[in-house]
Amino acid sequence: MEEQTREEYAMKKLVALLLVGLLVLTGCGASKPKGQDVKIGTAVTVKAKAAAPEGDKKGNFETNVYYGTVVLKDDKIAQVQIDVAQNKQAYNADNSIEPFKFDGSKKVLGDEYGMVKASKIGQEWYKQMENLETWMTGKTVAEVLAMETVEKDAAHPAVPANADLTSSVSIDVSNYLEIVKLGVEN
């Protein structure tokens, strides 16, 4: 039998290791455990409103960009993330527009958003959204969309009436339910 050189031995060893590695990788990718599939959907909607200038009062327009991502696992919400970028801009009676400054989304603003002053439950918007997202997690989309709501006033047509949420979410949820529905459809 011929004696192998170091290079030939190293090359054969490398080829053998590569073949074993390929066999292992091929075997690992061949099957998926049941129940591990996830579906991810995202959606964005935009709502706008405006008010004309009156006397000395400037006019304004506001756009609210709602965006959400929904992760489904075994037909239940495994994770949901919802946020809103609320952009306000003023304009004068001569239709000149004031400079625009983007402050960030409601979650990014956190305590600086300033809703806690008007909140009857003493919670800022991002905290209420965390509570709503936590409530949605583990439920089916149908259960979430069937959430019982009440009309608080014209600006709040769908406030949660569910006992699990009444003490932790006092914001109107109609746009958030819509973004979840659209995210799942996508």
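For the structure itself, look to the data block above.
Residues numbered from 1 in each chain as written. Predicted model: local features only at pLDDT ≥ 70, side-chain atom pairs only at ≥ 80, totals over all residues. Heavy atoms only, no water.

1. Quick word on the pairing of strand 3 (residues 76-91)
Test applied: Two strands qualify as a pair provided DSSP detects at least 2 bridges between them. Secondary structure elements follow DSSP: runs of H or I no shorter than four residues count as helices, runs of E no shorter than two count as strands, and numbering proceeds from the N terminus.
Two strands pair when backbone bridges link them, and strand 2 (residues 59-73) and strand 3 are joined in this way by 15 bridges, in the antiparallel orientation. For Thr63, the partnering residue across the bridge sits in strand 3 and is Asn87. Hairpin remark: strand 2 followed by strand 3, antiparallel, with 2 residues in the connecting loop; positive phi at Asp74, about 55°.

2. Concerning the packing of aromatic side chains
Basically, it comes down to this: Between 30 and 60 degrees the pair is tilted, below 30 it is stacked and above 60 it is edge-to-face, where a pair is any two Phe, Tyr or Trp rings, Trp via its six-membered ring, whose centres lie within 6.5 Å. When a residue's accessible area, from a 1.4 Å probe over protein chains only, is under 20% of the maximum for its type it is buried; when over 50% it is exposed; and in between it is partly exposed.
With the rule as written, the count across this model stands at 3 aromatic pairs. Judged by centre distance (6.0 Å) and plane angle (65°), the rings of Trp125 and Tyr176 are edge-to-face. One end of the pair, Trp125, is in helix 3 (residues 125-136); the other, Tyr176, is in helix 5 (residues 174-185), with 51 residues separating them in the sequence. Across the pair, exposure class does not vary: Trp125 and Tyr176 are buried alike.

3. Side note on helix 5
Selection criterion: A helix is expected to span 1.5 Å multiplied by its residue count minus one. Residues count as neighbours in contact if any of their non-hydrogen atoms are within 4.5 Å of one another.
The first and last C-alpha atoms of helix 5 sit 17 Å apart over 12 residues, in line with the 16 Å expected at 1.5 Å per residue. The complete set of buried residues in helix 5 reads Asn175, Tyr176, Leu177, Ile179, Val180 and Gly183. Contacts from the buried residues of helix 5 go to strand 1 (38-51), strand 2, strand 3, helix 2 (106-109), helix 3 and helix 4 (141-145).

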